[in-house]
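Commentary on secondary and tertiary structure
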There are 2 protein chains.
Amino acid sequence: MSLSMKRIAILGSTGSIGCSTLKVVESYSDRFSVISLAAGKNVDAALEQAIRWEPKMISVADEKDAEKLQRSLKDTGLSEIQVLHGPAGTVKVATHPEADFVVSAIVGVAGLEATYEAVKLGKPIGLANKECMVAAGEIITAEARKQKVPILPIDSEHNAVHQCLRGGRMEEVRKVWLTASGGPFRHTPKSQLSPITVEQALNHPTWRMGKRITIDSATLMNKGFEVIEACRLFNLPPSQVEVIVHPQSTIHSMVEFVDGSILAQFSVTDMRLPILYALTYPERIESDMRFPVMDLRHLDFQPPDMERFPCLRLAYEAVKAGGVQPVALNAADEIAVAAFLEGQIGFDDIPRVIEQVLSATKSRDLTSISQVLEVDSQARSLAQNKVRSMVHNTAPVRAV
Amino acid sequence: MSLSMKRIAILGSTGSIGCSTLKVVESYSDRFSVISLAAGKNVDAALEQAIRWEPKMISVADEKDAEKLQRSLKDTGLSEIQVLHGPAGTVKVATHPEADFVVSAIVGVAGLEATYEAVKLGKPIGLANKECMVAAGEIITAEARKQKVPILPIDSEHNAVHQCLRGGRMEEVRKVWLTASGGPFRHTPKSQLSPITVEQALNHPTWRMGKRITIDSATLMNKGFEVIEACRLFNLPPSQVEVIVHPQSTIHSMVEFVDGSILAQFSVTDMRLPILYALTYPERIESDMRFPVMDLRHLDFQPPDMERFPCLRLAYEAVKAGGVQPVALNAADEIAVAAFLEGQIGFDDIPRVIEQVLSATKSRDLTSISQVLEVDSQARSLAQNKVRSMVHNTAPVRAV
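Here, residues in each chain are numbered from 1, in the same order as that chain's written sequence. Each chain takes a letter, starting from A, and each ligand takes a number, starting from 1, following the order in which they are written. Given that this is a predicted model, residues contribute local features only at a pLDDT of at least 70 and side-chain atom pairs are listed and counted only at 80 or more, while totals for whole chains, interfaces and linings are drawn from all residues. To get the side-chain values, take all heavy atoms of the structure and skip hydrogens and water.

**Concerning the interface of chain B and chain A**
By a widespread convention, an interface's size corresponds to the accessible area lost as its parts come together. Keep this limit in mind: Two residues form a contact once any of their heavy atoms are found within 4.5 Å. Buried area is calculated as the accessible area (1.4 Å probe) missing from two parts once they are joined, with the contributions of both summed. When a carboxyl oxygen of Asp or Glu is within 4 Å of a side-chain nitrogen of Lys or Arg, the pair counts as a salt bridge. Here a polar contact is recorded for every N or O atom pair within 3.5 Å, except that within protein the pair must consist of a potential hydrogen donor and a potential acceptor, and residues adjacent in sequence are included only if both atoms are side-chain atoms. By definition, any uninterrupted DSSP run of H or I lasting at least four residues is a helix, any uninterrupted run of E lasting at least two residues is a strand, and each is numbered from the N terminus. For this classification, Asp, Glu, Lys and Arg are treated as charged, while Ala, Val, Leu, Ile, Met, Phe, Trp, Tyr, Cys and Pro are nonpolar and the rest, including Gly, are polar. In this analysis, strands are considered paired if DSSP registers two or more bridges between them.
Listed as interface residues are 48 residues of chain B and, on the opposing side, 48 residues of chain A. Its largest share of buried area at the contact with chain A, chain B owes to Asp259, Arg284 and Met294 of chain B, together 18% of the area lost on that side. Joining chain B to chain A, the criterion identifies 6 salt bridges. Its salt-bridge partner being aspartate 259 of chain B, residue arginine 284 of chain A comes within 2.9 Å of it at the nearest N-O pair. Where chain B meets chain A, there are 30 residue pairs in polar contact (both at pLDDT 80 or more). Every element with two or more residues in the side of chain B that touches chain A is listed here: helix H8 (156-164), strand E8 (173-180), strand E9 (241-245), strand E10 (251-257), strand E11 (262-266), helix H12 (272-280) and strand E12 (298-300) of chain B. It is E11 of chain B that contributes the most residues to the side of chain B that touches chain A, 5 residues altogether. Taken together, the residues of the side of chain B that touches chain A sort by class into 25 nonpolar, 10 polar and 13 charged. Bridging between strand E12 (residues 298-300) of chain A and E12 of chain B involves 3 bridges; their strand directions are antiparallel. Looking across to E12 of chain B, one finds that leucine 299 of chain A is bridged to leucine 299 of chain B.

**With respect to the packing of aromatic side chains**
By convention here, two paired aromatic rings are described through the distance between centres and the angle between planes. What counts is decided by this rule: Here is the rule: rings of Phe, Tyr and Trp (six-membered ring for Trp) pair when centre to centre is within 6.5 Å. Planes less than 30 degrees apart are stacked, more than 60 are edge-to-face, and the remainder are tilted. Each residue is assigned to one of three classes by its accessible area relative to the maximum for its type, calculated with a 1.4 Å probe on protein chains only: buried under 20%, partly exposed between the two thresholds, exposed over 50%. Lysine and arginine charges are scored as sitting over a ring when NZ or CZ, respectively, is within 6 Å of the ring centre and within 35 degrees of the ring normal.
In total, this model carries 10 aromatic pairs over all chains according to the counting rule given. Centre to centre, the rings of phenylalanine 340 of chain A and phenylalanine 347 of chain A are 5.7 Å apart; their planes meet at 70 degrees, and the pair counts as edge-to-face. Across the pair, exposure class does not vary: phenylalanine 340 of chain A and phenylalanine 347 of chain A are buried alike. Plain terms: the ring middles of phenylalanine 266 of chain B and phenylalanine 291 of chain B are 5.1 Å apart, the flat faces sit at 85 degrees to each other, and that makes the pair edge-to-face. Taken together, the residues phenylalanine 266 of chain B in strand E11 and phenylalanine 291 of chain B in the loop between H12 and E12 connect sequence positions 25 residues apart. Like phenylalanine 266 of chain B, the residue phenylalanine 291 of chain B is buried in the burial classification. Within the aromatic cluster, the residues linked to one another by ring pairs are Phe185, Phe340 and Phe347 of chain A. Looking at arginine 52 of chain A, its charged tip hangs above the ring of tryptophan 53 of chain A, at a distance of 3.9 Å from the centre. Lying across the ring of phenylalanine 257 of chain A, arginine 284 of chain B places its NZ or CZ 4.2 Å from the centre.

**Examining the relation of the copies chain B and chain A**
Put simply, the rule reads: Least squares is the method for superposing the copies, and the C-alpha atoms it fits come from residues with pLDDT of at least 70 in both.
Under the fitted operation, chain B is carried onto chain A by 0.0 Å of movement along the axis and a turn of 180 degrees, and the coordinates agree to an RMSD of 0.0 Å. In the structure described here, the two chain copies are related by an operation that fits a two-fold rotation axis. When the interface residues of chain B are mapped onto chain A, 100% of them again lie at the interface, so the same face is used by both copies.

**Looking at the side chain of arginine 232 of chain A**
Residue and element names in this part refer to chain A. Mapping arginine 232 onto the fold places it in helix H11 (residues 221-233). The exposure class assigned to arginine 232 is buried, which follows from its relative accessible area of 12%. Every residue in contact with arginine 232, bar those within four places of it in the chain, is listed here: Met133, Gly137, Glu138, Thr141, Val319, Gly322 and Pro326.

**Section: the nonpolar core**
Applicable threshold: The term nonpolar core refers to a set of buried residues drawn from Ala, Val, Leu, Ile, Met, Phe, Trp, Tyr and Cys, joined through side-chain atoms within 4.5 Å.
Ranked by internal contacts, the top residues of the largest apolar core, which has 182 residues, are Ile140, Leu329, Ile350 and Ile354 of chain A together with Ile140, Leu329 and Ile350 of chain B. Isoleucine 350 of chain A has contacts with Ile215, Thr219, Cys311, Asp333, Ala336, Val337, Phe340 and Ile345 of chain A, leaving out every residue within four places of it along the chain.

**Observations concerning the packing of helix H4 (residues 86-94) of chain A against helix H5 (residues 112-120) of chain A**
Residue and element names in this part refer to chain A. What counts, and what does not: Note on geometry: axes are lines fitted to C-alpha atoms, helical ones only across the stretch in contact, with angles between N-to-C directions running from 0 to 180 degrees. Any angle between 65 and 115 degrees counts as roughly perpendicular, while under 35 counts as roughly parallel, over 145 as roughly antiparallel, and the rest as oblique. Note on convention: the crossing is left-handed when the near helix lies turned anticlockwise from the far helix by less than a right angle, right-handed when the turn is clockwise.
Viewed as axis vectors pointing N to C, H4 and H5 meet at an angle of 30 degrees, and their least axial separation amounts to 8 Å. In terms of their interaxial angle, H4 and H5 are classed as roughly parallel. For the crossing formed where H4 meets H5, the hand is right-handed. Here Thr90, Val91 and Ala94 of H4 come into contact with H5, specifically with Glu113, Ala114, Glu117 and Ala118. Here the residues of the contact of H4 with H5 are counted per class, giving 4 nonpolar, 1 polar and 2 charged.

As far as function goes, none of this settles anything; it's purely spatial.
Below, the structure written as structure tokens:
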């Protein structure tokens, strides 16, 4: 093992970002190795990864699965791999003493504590977990500044911003411009948003993603979350973060500096690129990824419509309020999107549920990860109640 | 005067870049002052600038003009301003002991020696003189590396590249992409290039510039010169510098890194911006220049056509050959464009003259500025001869 070998802990190893991270590690096996893995409920994939990568530690969600995994590993002659489970197991994976870099890619609030503990130990983070910045951004970035650890965003927009920011100093930034595909309904009139079906909403023009993030892209809530993430990651007020719709999603994002210069980043839409960037920063290393610049033909842009897409407005309001409001925003959105996917509420009910939850959530400061989880839980209950009252109110009407 | 005040020498002060530089100095009079000015034949403008800026030294092209200027300054009570003339005067302006920064914006080979002498004294350069890089780039950049002085490009394309390069290290660059407006004839079929009139060729779609640079834009020779400049400024082989036609000229240029990321720069098309960037680098300071990102609508791109625009191909060939060839390219182009503007040769004769001069110029290394001037002079004579033979050959045919 070379001295410059970087040993990686991956939280969410069987998910999409986790698998892409392992592909990058595979392509650059002279530079990266896997030290520890945290998976969820897909224990077959976890076993396969453990056999392929022989990490020192692996964790899965449930105790039963952990026992099963342990037996399988013993049968394969890999009994020296430590098998853990649950939130405590994820924390152990993130804080493994030999981990030089932590890829935080567990979806949902499950990734919060482990990421925070890794930051506290001064481990650099490659961040793909949205909740870390949306819900707990104030807490995690404060700790990262204290520990002087870099948080390198692994998603195309913030990764692009991170790259463009190299063109100047933070105090020289006028604005960050996040590009948005605009989703499948960017041309849909407001009056036609109500009858949108789950099938229509799941048909995203550019990226193939999970169901929740696809709906969040259709409502522009995903872009709203990204606004909050940008505010937290780069320590900017919401007034310095703007959204522009760019249907081709070629330009991943832009930074405008105080002198009037704007830098934009683009590349192939392949998550291995921001992962590689995060893993090698401040270096860049050769990859086989090539955007065919010569084949560029047309790029289109338009301003976002916050009237038709109120989720984006709600996200700006939540980040302006700060504290617990973004936690409630995220939790309410998760419940509202699930209710939409189950056919309980309409597409345009999603922002209604969220707005009601935000109004019902008393503004206060955030002080700890446990408080984040508590507010998250309360906001979910509130959102569930709103959904139930909507189903109750509309059902008789639909029966007529 | 504050300690951080930067004292500027301007070569070519009455030209377009010189005047824009003075506008920037005026807007930021707390940061910049004028120490010395070199003008040309416009002695009225030089007098006005001397009165407004009270430099310690001013130089004009001709001795007679210098005497006139001296008398006028005496009448105005500004007899302490030292008045010089000719190439030696320009060198004195560039090498003024109190100059902290030299803006090199004299058009043509006249700026070469003065810029080179300033570099030798370790003075940072803001470079708007094309010939410094096209004709004498190998010599001047070698000296700049030796003296560790920055050469900051003051033209929208190379300034954009300089900004994008901040996103990585030089050894991490895969390609530099220079954007080109494509000129007024980017849709003109090859067969219709011959009868193009001077008037048509002077009608540039984006920038208002001098006559030669406007014709050079129409033939794409200007982009060819920029390819050579990029090779010299950033020490890159021609294979790493590409041109892409982008009629809106919104994106000023791009840099592709080895990992597959591409950074692009854009801004309002106002020369004050690259000047301000050069004067303040590595800082950026607030300006009133704002590109309306929200008004972005469409950007178009297409590959350049080197068959219809052979000047671009000739520039690539000249920089690949190196040494004296780019000197000959620049000199031959100046003569050919002048002949076209005077109605002596056709639009598509311009590359013919240049190609013949390049073939007739024996490849050899460049070792000194005086050698540059000698090769330049020889190439001009060669080009004049080619033009004469064309006029002679075609005249009887046209008379039929």
